Amino acid sequence: MSGGAYCPFSPEEPKARLDVCLAECKAKHVIAHSHTIDRFSNAVNLDCVISSDSFSRYDHEQFQSIQIGLSSRSFATILFTSGSTGEPKGVAVTHQNVLHFIAWGRSRFVVTPADIFTNVSPMYFDNSVFDFYVGLFSGASLFPVNRQVLSDPYALVSQASDMNCTIWFSVPSLLI
């Protein structure tokens, strides 16, 4: 609704990395769990930090006031690299890029509302974009896998089978 891009972060990320990423993407607003909200208290240039616990009750008029406009060339998301070469770098993805990606995924994999995605990638990992966008825009369901289950490949496969998941997208090493 705001017209701004979202930029997902891991709650386990070091504060120094968060600060670098928030500064690079010029974040103005942060939505965070109440138990992690203090990690953003000294971040540069933030206008507000909102607790996700109260987000459903967030003042609609205040939210309307931060709208910045939207076009197909506007950024939809900014995903950060792992930073393995030094500092993490933000990759900006436009709304048009997302729409093309959705069309490609739906066509290539013939995703239907009957499909259930085994959502094994955390939201801050770029692989999650496939599950979220292609899955949800196709009317499919997402089965988010619990973090503890991810560390046990046998339990993971068993749980995906029990949930009748039809689509699995992950790095191959997840099953090793």
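Residues numbered from 1 in each chain as written. Predicted model: local features only at pLDDT ≥ 70, side-chain atom pairs only at ≥ 80, totals over all residues. Heavy atoms only, no water.

Novice: Can you help me understand the pairing of strand β1 (residues 29-32) in this one?
Specialist: On a regular strand, each side chain points to the face opposite its neighbour's, so the side chains alternate between the two faces of the sheet. The alternating pattern of β1 places Val-30 and Ala-32 on a buried face, while none of His-29 and Ile-31, on the opposite face, is buried. In this sheet, strand β2 (residues 48-51) lies alongside β1 in parallel orientation, the contact comprising 4 bridges. When the bridges of β2 are listed, Val-30 appears paired with Val-49. (Buried < 20%, exposed > 50% of the residue type's maximum accessible area, 1.4 Å probe, protein only. Helix = DSSP H or I, 4+ residues; strand = E, 2+ residues; numbered from the N terminus. Pairing = 2+ DSSP bridges.)

Novice: Sorry if this is basic, but what is going on with unusual backbone geometry here?
Specialist: With the exception of glycine, most residues fall at negative phi, and the peptide bonds are largely trans. Positive phi is not limited to glycine here, since Val-110 has a value of about 45°. By the element assignment, Val-110 lies in the loop between α3 (95-109) and β5 (116-119). Given a relative accessible area of 59%, Val-110 falls into the exposed group. The phi torsion at Asn-164 lies on the positive side, around 60°, for a residue other than glycine.

Novice: What should I look at first to understand the side chain of Ser-138 in this one?
Specialist: Here Ser-138 is to be found in the loop between α4 (128-137) and β6 (141-144). For Ser-138, a relative accessible area of 6% gives the class buried. Side-chain polar atoms of Ser-138 contact the backbone oxygen of Val-134, separated by 2.6 Å. Beyond its immediate sequence surroundings of up to four residues, Ser-138 is in contact with Arg-106, Val-111, Thr-112 and Pro-113. (Polar contact = N/O pair within 3.5 Å; in protein donor to acceptor, adjacent residues only side chain to side chain. Contact = heavy atoms within 4.5 Å.)

This is a description of form; function is not addressed.
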